[in-house]
Amino acid sequence: MSTAMNFSSKSFKPRPPDKGAFPLDHFGECSAFKERFMQCLRDSGYESSACRQRAMAYLECRMERQLMANEPLEKLGFKDLIDEKSEAKPEKL
């Protein structure tokens, strides 16, 4: 009876995830943003859509401090919030 496992036939090549893996904030550089976001979640009964501004601010903090890859906020799902910001700013001539 042959029950040998042959691992050599297929080699596993690990690769990092596309998104979602980034360095931890060991020095607490963005902890104030995180705490405001978490407090908003608790206050809203964990309704994440009510806290999107704070989530965006937290991600911006992480990107500014190279704690995650820089991504356009539009690709992270904040296009509507960015559009609101640009509409609220008066145009300069």
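Definitions and limits used
- Residues numbered from 1 in each chain as written.
- Predicted model: local features only at pLDDT ≥ 70, side-chain atom pairs only at ≥ 80, totals over all residues.
- Heavy atoms only, no water.
- Axes fitted to C-alpha atoms, helices over the stretch in contact; angles between N-to-C directions.
- Helix = DSSP H or I, 4+ residues; strand = E, 2+ residues; numbered from the N terminus.
- Parallel < 35°, antiparallel > 145°, perpendicular 65-115°, else oblique.
- Left-handed = near helix turned anticlockwise from the far one by under 90°.
- Contact = heavy atoms within 4.5 Å.
- Nonpolar A, V, L, I, M, F, W, Y, C, P; charged D, E, K, R; others polar.
- Salt bridge = Lys/Arg side-chain N within 4 Å of Asp/Glu carboxyl O.
- Buried < 20%, exposed > 50% of the residue type's maximum accessible area, 1.4 Å probe, protein only.
- Expected span 1.5 Å × (residues − 1).

Moving on, we get to the packing of helix 1 (residues 31-43) against helix 2 (residues 52-64). As a packed pair, helix 1 and helix 2 sit with axes 9 Å apart at the nearest point and diverge in direction by 160 degrees. Comparing the axis directions of helix 1 and helix 2 gives the class roughly antiparallel. Between helix 1 and helix 2 the crossing geometry is left-handed. Along the contact surface, helix 1 presents Phe33, Lys34, Arg36, Phe37 and Cys40, while helix 2 presents Arg54, Ala55, Ala57, Tyr58 and Cys61. Taken together, the residues of the contact of helix 1 with helix 2 break down into seven nonpolar, no polar and three charged.

The next thing to look at is the pattern of salt bridges. One pass over the structure, following the stated rule, counts five salt bridges. Glu29 is the partner of Arg65 in a salt bridge, and the nearest nitrogen-oxygen pair spans 4.0 Å. A residue pair is termed long-range when its members are at least 10 positions apart, and Arg65 in the loop between helix 2 and helix 3 (79-88) and Glu29 in the segment before helix 1 qualify at 36 residues. Note on Arg65: relative accessible area 32%, which makes it partly exposed. Here Glu71 and Lys75 are joined by a salt bridge, their closest N and O atoms 3.8 Å apart. For Lys75, a relative accessible area of 59% translates into the label exposed. Because the salt bridges share partners, they merge into one network encompassing Glu29, Glu64 and Arg65.

Let's shift gears to helix 1. The first and last C-alpha atoms of helix 1 sit 18 Å apart over 13 residues, in line with the 18 Å expected at 1.5 Å per residue. As for helix 1, its buried residues are in contact with helix 2. Just downstream of helix 1 lies Gly45, where phi reads positive at about 70 degrees.

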